[in-house]
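# Structural characterization, general
Spelled out, the chains give:
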Amino acid sequence: MSTGTIRPDAGLRARMSLTIFLLGALYVGVVAILIASGINAGIVIVFAFVILFAQYWFSDRIALYAMHGRIVTPQEAPQLHAIVDKLCAEANMPKPTVAIANTDIPNAFATGRSPKRAVVCATSGIMRRLDQDELEGVLAHEISHVAHRDVAVMTVASFLGVAAGLVTRFAFYSQLFGGGVFEDDDRESNGAAVAIVVMLVSMVVYAISFLLTRALSRYRELSADRSGAILTGRPSALASALRKVTGDIAQIPTNDLRSAEAFNAFFFTPALANGFSISSLFSTHPPLEQRLAQLAEISRELGQPV
Amino acid sequence: MARLGSLLRRSAGPPADPGALLALADAAAGFEAASGLRPVGTASLCLRPVSDNRAEALQGAVESLTSSGERPFTDTVDEFGHRWLTRRTDPPDVARLVADLHAAHLSVTAAGVGAAALCSLVGFTDGDRQVALVYLNQRGSWYPFVPTGDMTRDSPRELELRGMLGGLNVESDLRRWRPLWGAPGL
């Protein structure tokens, strides 16, 4: 699960197991309903699995493409490479691919199916806003995601959600196009009713698995904050970085008024990209206060002034 | 007819309410007292490049401002190809600086190139760091800019200063608080 100085996290493991268990229980329920309804669920599930597996297997490439990230050499980005080198040496992990996304939005992102196939990407906006220590704190957080194999875990966790989403759609279309409007026999109207039931059940399943994966994701963020802070030994640097990449301060741009760059360059990481970014507009991240409180606690544990 | 006139004039919008710029003359004392900053006695108007057929008009306006008798501006071109008309007063006199910035904006507007006026800067300092109050000429709004290095700024300090700009129309959209790295007015 973990390597080197990034310690295993017993609580994380317990929650992971619980989440996967609950998802598994839901999965069984869904399959039972699907079999009862006579829809060819096998095809749907296999299809969902293939898509999700592709997302997982190619997560590094997909994320780089979605973030418009460009792989940089040590010559091009000596500062970034130096930090990643140092952190990987300390954590005793293989060095991930290092990339930069040319955007003013302050963000950093990690993905990849294994530590050997990982990518760590920082935006030019975050590199301009943070000092050396703060950037190191953020990259340690991202590298912790890699060490925890969070991409693999979240892929498994979200599989049911994706499958349920596909079944919802499948049921919807088969009901829409499959049922003949002019045929008025019992079998047809029965099929439509079943499709509606399946659709509703899938939606509920999707909602529940969505909430569960969000909760797991928030927990993994806190876990990466903790591991990253312990790795660098400077929780306060990560705390200071988090303050700078969230809220009002993050909105203040660093791209010159005279440059042609559009002023409103806000972008969302598409849902297609499997990975972990330091700041998110969605509720996959715990509130800033909670993260800062945890970091302050680690500072105290390490005997540092908060 | 008024509408037709504004269509033909092509000056891309009238300058924002001049009161928004001139308001600094009255607001400066309160800002200095609250922030502990003091004016350095420089102010500058940034003019972006214009299309070829307007270049002559812009050049004429710039020349009249840099050569006009008692309070001339100095003219510099930065790496973006923007022109900066800089005005100095010694001792620092914010009221006079903003009056001159306003006059300069009126001149370029009268020459038909008012849209070239990108922003105006008024310089302040805490003794060792430069701070600029930036005025967006087209929007008529102000924001503080505290550069700390080549491409770095002290945004927490800027947000702090925002609360001390009583009497000014402060730019409420933080995404428009764009930096002006190495501006000649600083």
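You'll find the structure just up there.
Calculation criteria
- Residues numbered from 1 in each chain as written.
- Chains lettered and ligands numbered in written order.
- Predicted model: local features only at pLDDT ≥ 70, side-chain atom pairs only at ≥ 80, totals over all residues.
- Heavy atoms only, no water.
- Buried < 20%, exposed > 50% of the residue type's maximum accessible area, 1.4 Å probe, protein only.
- Helix = DSSP H or I, 4+ residues; strand = E, 2+ residues; numbered from the N terminus.
- Arc of directions from axis to C-beta.
- Salt bridge = Lys/Arg side-chain N within 4 Å of Asp/Glu carboxyl O.
- Contact = heavy atoms within 4.5 Å.
- Buried area = accessible area lost by both parts, 1.4 Å probe.
- Polar contact = N/O pair within 3.5 Å; in protein donor to acceptor, adjacent residues only side chain to side chain.
- Nonpolar A, V, L, I, M, F, W, Y, C, P; charged D, E, K, R; others polar.
- Pairing = 2+ DSSP bridges.
- Axes fitted to C-alpha atoms, helices over the stretch in contact; angles between N-to-C directions.

## Quick word on helix H3 (residues 59-67) of chain A
Residues and elements named next belong to chain A.
- Where H3 is concerned, the buried positions are Ser59, Asp60, Ala63, Leu64, Ala66 and Met67. Taken end-on, H3 shows its buried residues confined to a sector of 165 degrees, consistent with a single buried face. Residues of H3 that are exposed and point more than 90 degrees away from the buried face comprise Arg61 and Tyr65.
- Looking one or two residues beyond H3, the residue adopting positive phi is histidine 68, at roughly 55 degrees.

## Structural notes on the pattern of salt bridges
Residues and elements named next belong to chain A.
- Taken as a whole and judged by the stated rule, the model has 24 salt bridges over all chains.
- In this structure, arginine 70 engages glutamate 76 in a salt bridge whose closest nitrogen and oxygen atoms are separated by 2.9 Å.
- Arginine 70 gets classed as partly exposed once you look at its relative accessible area, which sits at 49%.
- Linking arginine 234 and glutamate 136 is a salt bridge whose minimum nitrogen-to-oxygen distance equals 3.3 Å. Of the two residues, arginine 234 is situated in the loop between helix H8 (186-232) and helix H9 (235-245) and glutamate 136 in helix H6 (residues 132-147); the sequence distance between them amounts to 98 residues.
- On the basis of relative accessibility, which here comes to 28%, the residue arginine 234 falls in the partly exposed class.
- Look at glutamate 136 and you get buried, because its relative accessible area is 5%.
- Three or more residues joined by partner-sharing salt bridges are found here, namely Lys86, Asp133, Glu136 and Arg234.

## Considering the interface of chain B and chain A
- Every contact between the two is made by 27 residues of chain B and, on the other side, 17 residues of chain A.
- Summed over both sides, the interface between chain B and chain A buries roughly 2,000 Å², with carbon and sulfur atoms accounting for 64% of that surface.
- Among the residues of chain B in contact with chain A, Leu174, Arg175 and Arg178 of chain B are the three that bury the most area, contributing 37% of the side total.
- At the boundary of chain B with chain A, the tally comes to two salt bridges.
- Applying the counting rule to chain B against chain A returns ten residue pairs in polar contact (both at pLDDT 80 or more).
- When contributions to the side of chain B that touches chain A are tallied by element, the ones reaching two or more residues are strand S4 (117-125) and helix H5 (155-162) of chain B.
- For the side of chain B that touches chain A, the element with the most residues is H5 of chain B, which contributes five residues.
- The class makeup of the residues in the side of chain B that touches chain A is 16 nonpolar, three polar and eight charged.

## Points about H5 of chain B
- Within H5 of chain B, the full set of buried residues consists of Ser155, Arg157, Glu158, Leu159 and Leu161 of chain B.
- Buried residues in H5 of chain B make contact with helix H10 (247-251) of chain A together with helix H2 (18-35), strand S5 (130-136) and strand S6 (141-145) of chain B.

## Remarks on the sheet that holds strand S4 (residues 119-123) of chain A
All names here are of chain A.
- Read across the sheet, five strands follow the order S1-S2-S4-S3-S5 without closing on themselves; strand pairing throughout is mixed. One side of each edge strand has no neighbouring strand; the edge strands of this open sheet are strand S1 (69-71) and strand S5 (276-277).
- Pairing geometry for S1 and strand S2 (residues 97-101), over three bridges, is antiparallel. Within S2, the position partnered with arginine 70 by the bridge is isoleucine 100.
- Sheet contacts for H6: strand S3 (108-111), S4 and S5; angle to S3, the most-contacted strand, approximately 20 degrees.

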